[in-house]
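Inside the fold
Here is what each chain is made of, one letter per residue.
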Amino acid sequence: MSRDSDYWQGWIAPLLTFLAADASDQLDWASEHQVKTAAVAEEFEFSLHLARGMADRGTFEPEALQDLKAIGRLVGETDGCGHVDRWADTLAANATWGEVRTLARRILVARLGEWRQPLPRRVLPQHVYD
């Protein structure tokens, strides 16, 4: 497997799968894992960095990178000053996540042919929950 495939499968796809999921599935998953909004934003920034490198090497589609950048702007707007809210609270309070969901689904469909994927088992390191 190539390094770019590892990046996609290990970081980008799981995060996009979470962001693309129906709100009820996101809420269930985020509540189970006690995920904070700031942690999702940090995870996204790292994934965007990886995607930019992949795009530079021609292994990540320019359209998908533009959608990721749009997601980044939206996540940045909702994250504000590093909110420590639980994802479930933020999702319920902010309609912007519908736009994020649409963009994430478009990337997954373009890459995988389907946006519905199993939610990731991996969660962020415990210190981001404290």
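Anything mentioned here points back to the structure above.
A brief look at the structure comes next.

Criteria and cut-off values
- Residues numbered from 1 in each chain as written.
- Predicted model: local features only at pLDDT ≥ 70, side-chain atom pairs only at ≥ 80, totals over all residues.
- Heavy atoms only, no water.
- Helix = DSSP H or I, 4+ residues; strand = E, 2+ residues; numbered from the N terminus.
- Buried < 20%, exposed > 50% of the residue type's maximum accessible area, 1.4 Å probe, protein only.
- Contact = heavy atoms within 4.5 Å.
- Areas by Shrake-Rupley, 256 points an atom, 1.4 Å probe, with all protein chains shown as cover.
- Axes fitted to C-alpha atoms, helices over the stretch in contact; angles between N-to-C directions.
- Parallel < 35°, antiparallel > 145°, perpendicular 65-115°, else oblique.
- Nonpolar A, V, L, I, M, F, W, Y, C, P; charged D, E, K, R; others polar.
- Salt bridge = Lys/Arg side-chain N within 4 Å of Asp/Glu carboxyl O.
- Phe/Tyr/Trp six-rings, centres within 6.5 Å; stacked < 30°, edge-to-face > 60°.
- Lys NZ or Arg CZ within 6 Å of the ring centre and 35° of its normal.

Describing the overall build of the protein
Along the protein, the regular secondary structure elements total 6 helices and 0 strands. Per-residue burial for the protein yields a buried fraction of 45% across its 130 residues. For the protein, the proportion of contacts with a sequence separation of at least 24, taken over those separated by at least 6, is 79%. Accessible area for the protein stands at about 6,900 Å²; split by element, carbon and sulfur atoms hold 51% of it.

Side note on the packing of helix H1 (residues 3-20) against helix H2 (residues 23-33)
Between H1 and H2, the least distance of the axes is 8 Å, while the angle of their chain directions is 120 degrees. With respect to each other, H1 and H2 are oriented oblique. Contact with H1, carried on its side by Phe18, Leu19 and Ala20, involves Gln26, Trp29 and Ala30 of H2 and no other residues of that element. Split by residue class, the contact of H1 with H2 holds 5 nonpolar, 1 polar and no charged.

Re the pattern of salt bridges
In this structure the tally under the stated criterion is 5 salt bridges. Arg116 is the partner of Asp22 in a salt bridge, and the nearest nitrogen-oxygen pair spans 4.0 Å. Here the residue Asp22 occupies a position in the loop between H1 and H2, and Arg116 occupies one in the segment after helix H6 (96-112), the gap between them amounting to 94 residues. A residue is classified by how much of its surface remains accessible, and Asp22, at 30% relative accessible area, is partly exposed. Between Asp67 and Arg106 there is a salt bridge; the shortest N-O distance is 2.9 Å. Of this pair, Asp67 sits in helix H4 (residues 62-79) while Arg106 sits in helix H6, and the two are 39 residues apart along the sequence.

Brief notes about the packing of aromatic side chains
The description of two aromatic rings rests on the distance between their centres and on the angle between their planes. A full pass over the atoms with the stated rule returns 3 aromatic pairs. Between Trp11 and Phe46 the ring centres are 4.7 Å apart and the planes differ by 75 degrees, which places this aromatic pair in the edge-to-face class. One end of the pair, Trp11, is in helix H1; the other, Phe46, is in helix H3 (residues 37-56), with 35 residues separating them in the sequence. The exposure class of Phe46 is partly exposed, given its relative accessible area of 36%. Over the ring of Trp8 we find Arg111; its NZ or CZ atom is 4.5 Å from the centre of that ring.

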